[in-house]
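A closer look at the structure
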Amino acid sequence: MVELDPILDVDLVGAGGVVVRAREFDSRILAVEPVMGDSALLTLSLPPGMAGSLRAGQFVDVLCRVEGSYDPLLRRPYSIFRADSRTETMQLLVRPYGRGSAWLASRPVDTILDVLGPLGNAFHIHPRSRNLLMVAGGVGAAPLVMLTDHALADGRNVTYLMGAADADALLPTSYLPSDVEYGVATDDGSKGHRGFVTDLVPEYLRWADQVFACGPEPMFRSLRSVSSAHRLGGKPRIQVSVERTMACGLGACLGCVVETKHGMQTSCVQGPIYDMDEVIW
Amino acid sequence: MAAPSLAVDLAPGNPRELVLANPVIAASGCFGYGLEYAGVMDVQRLGAFVSKGITPKPRSGNRMPRITETPAGMLNAIGLQNPGIRGFVKKYPKIWDAWKVPAIVNISAESVEDYAMMARILDELPGVAGIEVNISCPNIAAGGYCFGWDAAMSADVTRAVRAATTLPMMVKLSPGAVDVVSVALAVEDAGADAVSMINTLVGMAIDVRTRRPVLANATGGLSGPAVKPIALRMVYQVAAAVQIPVVGMGGIMGLDDALEFFFAGASAVQVGTAVFAQPGMLIRLIDDLGEWLSSQGVGSVQEIVGAALPAGLPSRRAATEADVEIDFAAAVAAG
Ligand SMILES: Cc1cc2nc3c(=O)[nH]c(=O)nc-3n(C[C@H](O)[C@H](O)[C@H](O)COP(=O)(O)OP(=O)(O)OC[C@H]3O[C@@H](n4cnc5c(N)ncnc54)[C@H](O)[C@@H]3O)c2cc1C
Ligand SMILES: Cc1cc2nc3c(=O)[nH]c(=O)nc-3n(C[C@H](O)[C@H](O)[C@H](O)COP(=O)(O)O)c2cc1C
Ligand code: FES
């Protein structure tokens, strides 16, 4: 791993040594599909050439207000759910939660959004990894779908585990490629295992060469505790996508930092993807 | 008609001058070290930018959460995370030296001596166009009372920095001052080339579910449109009193907000929080300002500065009175 300076700039080094060039662009909502209960899957237009450069784990910052309004003031980050370079589009999965997401999830088709991106680093699949385990909690499903697409295209095996409150809030199988093994857990037991998605993890740890997780912070806590007894010498490695309140998305405000073994890092540029063992939780 | 002039000198009394191509400046703490935004906008077109606050020693900043959104604003308690003056000097000025845009270094310290020490280091450093002295810091020698709340303490810092460097120096006033006008007059008297204002207002937010403050630091600095009326009032009061340029900021989101600050007496403006939401707005603001001046038939942005002040800008007033006297003398001689 490249040792990163705590106040690193995007242009000089960028995430993992790659120069990241974000842009502020207008994006049209091309389609809105209800999914996972009250969430919305938005299909958005991209500037020519951008779709192919997007990497799984990256996110975009969306301005969730109309021109002339100051509320909510700051952009909201959303992970890229899927990108398609043929149609030059990307998809975002938005769960209506507070003001920003409720506004965004209820926009009609043809709305023009002000988007800043792509931002952040990406999940890293080791060249020798054959078996990948995805662990998704709620809308944390988003970046792991894109990662699954990429992994399958490279001929790897993927098991995708997802947890949600109930059956309705799970990502329907139709959104995942057919050759993925899909395991689910629900809080109320309405589908799959009753309990946490992390309860399903231990049985896959010997199979998996790498684990990728995205979800709320409590999910990471239980992931750490259920996996500790089953991981030998820190293997398999676990990468997580962390969530912090963000303002600039560009490494300038230092509002979104994550404390790591390499010092304070900006989760918008040097994250949001971290090796779980390098974060000071 | 020729394109209107947007240029401004923020240190007219200083031979090292601080001439900006336009009066739009990216504010401290909101623009990193300039590099962060270089990929998303043409940083070189700015009038200037101000660096994140630099301190004598490296600081890792406050615990998380450090920011939270509030109605039309945000609270931040970053805790001045920065590499310290020595780490800073090694990294950034040499990059800026090749840039066209003037880079202003914001300095923060907890003792008068530390402010002066940093100013001495910056004095002859290529790539550094000026200093902004952030006096919204606790003075350890005064039991942690904020320098910027007190005119005498603010003047002490200003005097020490002035003695340590001939660089153009802007002193950034705190809105927490008991009497911001007396602080402004004191720092002017102590050698500041300009004042910038306002820094954030101390505020807080409480999470109703946890019943605890949202920010780990409990309190934070409020910025954004929510603070604009207060900032404007303070600029108006200070601009009516001092002779040196006033740089206004606090909640500027676009042209109309910036115009209000110019009319209140600001010779230039800084923009912070708005840049987080829309990085492109800085360049749009410069363009919009030029177009607006043309549409109004105004030849220079400096002509509109202080338009809302009942008696105009004091510096202009003094010039006019002097002109009248000379004219009078000339008339007598001629007669
Ligand atoms: C890198 C990154 C990727 C993200 N990807 C996605 C994504 O793909 N899909 C998605 O729907 N969201 C995603 N988010 C979260 C998203 O950015 C917003 O935070 C979320 O939509 C809530 O914003 P809001 O304006 O609706 O709520 P706000 O009005 O900002 O929040 C209302 C209240 O809820 C609290 N709050 C906000 N979010 C949460 C939360 N998740 N859990 C508990 N409390 C919370 C806030 O502190 C506040 O008090 C991501 C965040 C990050 C940092
Ligand atoms: C995240 C953040 C960090 C800041 N850091 C500094 C700083 O290091 N030094 C300083 O003098 N002002 C700092 N400020 C204050 C701004 O420079 C500015 O005075 C204030 O935000 C008001 O302007 P605005 O409403 O346009 O943001 C910071 C503001 C924000 C929002
Ligand atoms: S959001 Fe500003 S540094 Fe990450």
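Residues numbered from 1 in each chain as written. Chains lettered and ligands numbered in written order. Predicted model: local features only at pLDDT ≥ 70, side-chain atom pairs only at ≥ 80, totals over all residues. Heavy atoms only, no water.

**Here's the deal with the overall build of chain A**
From N to C terminus, chain A includes three helices and 15 strands. The C-alpha atoms of chain A give a radius of gyration of 18 Å, which matches the 19 Å a tight globule of 281 residues would have. In chain A, which comprises 281 residues, the proportion classed as buried is 57%. As displayed, chain A offers around 11400 Å² of accessible surface, 51% of which is attributable to carbon and sulfur atoms. Side chains of chain A give 25 positive and 32 negative charges; the mean places of these two sets differ by 3 Å. (Helix = DSSP H or I, 4+ residues; strand = E, 2+ residues; numbered from the N terminus. Rg over C-alpha atoms; globule rule 2.2 N^0.38 Å. Buried < 20%, exposed > 50% of the residue type's maximum accessible area, 1.4 Å probe, protein only. Areas by Shrake-Rupley, 256 points an atom, 1.4 Å probe, with all protein chains shown as cover. Lys, Arg positive; Asp, Glu negative; His and termini not counted. Charge placed at Lys NZ, Arg CZ, Asp CG, Glu CD.)

**Details of the domain arrangement of chain A**
Residues and elements named next belong to chain A. We note that the domain assignment places domain 1 (6–119) and domain 2 (131–241) within chain A. Once you take the C-alpha centre of each, domain 1 and domain 2 turn out to be 23 Å apart. Opposite the 18 residues of domain 1 that make contact, domain 2 presents 18 residues. For the pairing of domain 1 and domain 2, the buried interface totals around 1400 Å² over both sides, and the portion due to carbon and sulfur atoms is 67%. Interface area lost by domain 1 to domain 2 is led by Met36, Phe81 and Arg82, which between them contribute 43%. Put simply, domain 1 and domain 2 have one salt bridge between them. Asp149 is the partner of Arg82 in a salt bridge, and the nearest nitrogen-oxygen pair spans 2.7 Å. Inspection of the domain 1/domain 2 interface yields five residue pairs in polar contact (both at pLDDT 80 or more). (Domains from an automatic or database assignment. Contact = heavy atoms within 4.5 Å. Buried area = accessible area lost by both parts, 1.4 Å probe. Salt bridge = Lys/Arg side-chain N within 4 Å of Asp/Glu carboxyl O. Polar contact = N/O pair within 3.5 Å; in protein donor to acceptor, adjacent residues only side chain to side chain.)

**What about the site of ligand 2?**
Residues and elements named next belong to chain B. In the vicinity of ligand 2, 23 residues are found, and the nearest of them are Ser28, Lys172, Gly224, Gly251 and Thr273. Interatomic distance of 2.6 Å between a backbone N/O atom of Gly251 and an oxygen atom of ligand 2. Contact between ligand 2 and Thr273: an oxygen atom at 2.6 Å from a side-chain N or O atom of the residue. Against a free-state accessible area of 610 Å², the protein chains account for coverage of 97% of ligand 2. Class assignment of the residues belonging to the shell around ligand 2 gives a composition of seven nonpolar, 14 polar and two charged. (Near = heavy atom within 4 Å. Nonpolar A, V, L, I, M, F, W, Y, C, P; charged D, E, K, R; others polar.)

**Topic: the nonpolar core**
Where a protein is soluble and globular, its nonpolar side chains tend to be buried together. The biggest cluster of nonpolar side chains holds 113 residues, and the ones touching the most others in it are Tyr37, Leu46 and Leu173 of chain B. Ranked by residue count, the leading element in this core is helix H9 (residues 281–296) of chain B, at seven residues. By size, the runner-up hydrophobic cluster in this structure holds 55 residues, among which are Leu93, Trp103, Val115 and Ala136 of chain A. (Core = buried A, V, L, I, M, F, W, Y, C linked by side-chain atoms within 4.5 Å.)

**Let's talk about the site of ligand 1**
Near ligand 1 lie 19 residues; those nearest to it are Arg76, Pro77, Leu93, Gly98 and Ser101 of chain A. In this structure, ligand 1 sits where chains A and B come together, each supplying nearby residues. Here ligand 1 loses 72% of its free accessible area of 930 Å² to cover by the protein chains. Those elements giving two or more residues to the shell around ligand 1 turn out to be strand E4 (76–84), strand E5 (89–94) and helix H1 (99–105) of chain A. Counting residues per element, the shell around ligand 1 draws most heavily on E4 of chain A, which supplies four residues. Broken down by class, the residue content of the shell around ligand 1 amounts to nine nonpolar, four polar and six charged.

**Regarding the interface of chain B and chain A**
Listed per partner, the contact involves 38 residues of chain B and 39 residues of chain A. Here chain B and chain A share two salt bridges between them. One salt bridge connects Glu69 of chain B with Arg99 of chain A, and the closest N-O pair in it is separated by 2.7 Å. Linking chain B with chain A are ten residue pairs in polar contact (both at pLDDT 80 or more). At the level of elements, strand E5 (67–70), strand E6 (73–76) and helix H8 (273–277) of chain B are the ones that each hand at least two residues to the side of chain B that touches chain A. Here the residues of the side of chain B that touches chain A are counted per class, giving 21 nonpolar, eleven polar and six charged.

**Section: a nonpolar patch on the surface**
A surface patch of nonpolar side chains, amounting to about 310 Å² of accessible area, comprises Tyr145, Trp149 and Val178 of chain B. Along the chain, the position of Trp149 of chain B falls in the loop between strand E10 (145–146) and helix H4 (151–164). (Patch = residues over 30% accessible without salt bridge, like charges linked within 9 Å, V, L, I, M, F, W, Y side chains within 5 Å.)

**Let's talk about the packing of helix H3 (residues 112–122) of chain B against H4 of chain B**
All names here are of chain B. Where H3 contacts H4, the axes come no closer than 8 Å and their chain directions differ by 30 degrees. One finds that H3 runs roughly parallel with respect to H4. At the point where H3 passes H4, the crossing takes the right-handed sense. Residues Val112, Tyr115, Ala116, Ala119 and Arg120 of H3 touch H4, and the partners they reach there are Asp156, Val157, Ala160, Val161 and Ala164. Classifying every residue of the contact of H3 with H4 gives eight nonpolar, no polar and two charged. (Axes fitted to C-alpha atoms, helices over the stretch in contact; angles between N-to-C directions. Parallel < 35°, antiparallel > 145°, perpendicular 65-115°, else oblique. Left-handed = near helix turned anticlockwise from the far one by under 90°.)

**Focus: helix H7 (residues 255–263) of chain B**
What H7 of chain B keeps buried is the set Leu255, Asp257, Ala258, Leu259, Phe261 and Phe262 of chain B. Looking at the buried residues of H7 of chain B, the elements they touch are helix H6 (228–239), strand E17 (246–248), strand E18 (268–271) and H9 of chain B.

**Considerations on the sheet that holds E5 of chain A**
All names here are of chain A. Pairing in this closed barrel of six strands is antiparallel, and the strands run E1-E2-E5-E4-E3-E6 around the ring. Across this sheet, the average inter-strand angle for adjacent strands is 45 degrees, counted without regard to direction. Set on the sheet, helix H2 (residues 141–153) makes contact with E4 and E5; between it and E4 the angle comes to about 25 degrees. (Pairing = 2+ DSSP bridges.)

**Considering unusual backbone geometry**
For residues that are not glycine, phi is negative in most cases, and the peptide bond is trans in most cases. Going from Asp71 of chain A to Pro72 of chain A, the amide bond is cis rather than trans, its omega being -10 degrees. Note on placement: Pro72 of chain A falls in the loop between strand E3 (59–62) and E4. Note that the residue after Met64 of chain B, namely Pro65 of chain B, is joined by a cis bond; omega there is -10 degrees. Counting through the fold element by element, Pro65 of chain B comes out in the loop between strand E4 (48–50) and E5. Of note, the phi angle at Leu80 of chain B is positive, near 50 degrees, even though the residue is not glycine.

**Things to note about the pattern of salt bridges**
Inspection of the entire model under this criterion finds 20 salt bridges over all chains. Across the pair Asp193 of chain B and Arg162 of chain B runs a salt bridge whose closest N-O atoms are separated by 3.0 Å. Taken as a pair, Asp193 of chain B in the loop between helix H5 (180–189) and strand E12 (194–197) and Arg162 of chain B in helix H4 lie far apart in primary sequence, 31 residues in all. According to the relative accessible area criterion, Asp193 of chain B is buried, its value standing at 9%. Owing to a relative accessible area of 21%, Arg162 of chain B belongs among the partly exposed residues under this scheme. When salt bridges with common partners are traced through the structure, they connect Asp71, Arg76 and Arg99 of chain A together with Glu69 of chain B into a single cluster.

**A word on the pairing of strand E9 (residues 181–186) of chain A**
With six bridges joining them, strand E8 (residues 157–164) of chain A and E9 of chain A adopt parallel strand pairing. Looking at the pairing, Leu161 of chain A lines up with Gly183 of chain A of E9 of chain A.

**Some thoughts on the packing of aromatic side chains**
The description of an aromatic ring pair uses the distance of the two centres, along with the angle that the planes make with each other. Residues and elements named next belong to chain B. Taken as a whole and judged by the stated rule, the model has 16 aromatic pairs over all chains. Between the aromatic rings of Tyr33 and Phe88, the centroid separation amounts to 6.4 Å while the plane-to-plane angle is 40 degrees, which identifies the pairing as tilted. Taken together, the residues span a long stretch of sequence, with Tyr33 in the loop between strand E3 (24–26) and E4 and Phe88 in helix H1 (residues 84–91) at a distance of 55 residues. Side by side, Tyr33 and Phe88 carry an identical accessibility label, which is buried. Centre to centre, the rings of Tyr115 and Phe147 are 5.4 Å apart; their planes meet at 80 degrees, and the pair counts as edge-to-face. A residue pair is termed long-range when its members are at least 10 positions apart, and Tyr115 in helix H3 and Phe147 in the loop between E10 and H4 qualify at 32 residues. (Phe/Tyr/Trp six-rings, centres within 6.5 Å; stacked < 30°, edge-to-face > 60°.)

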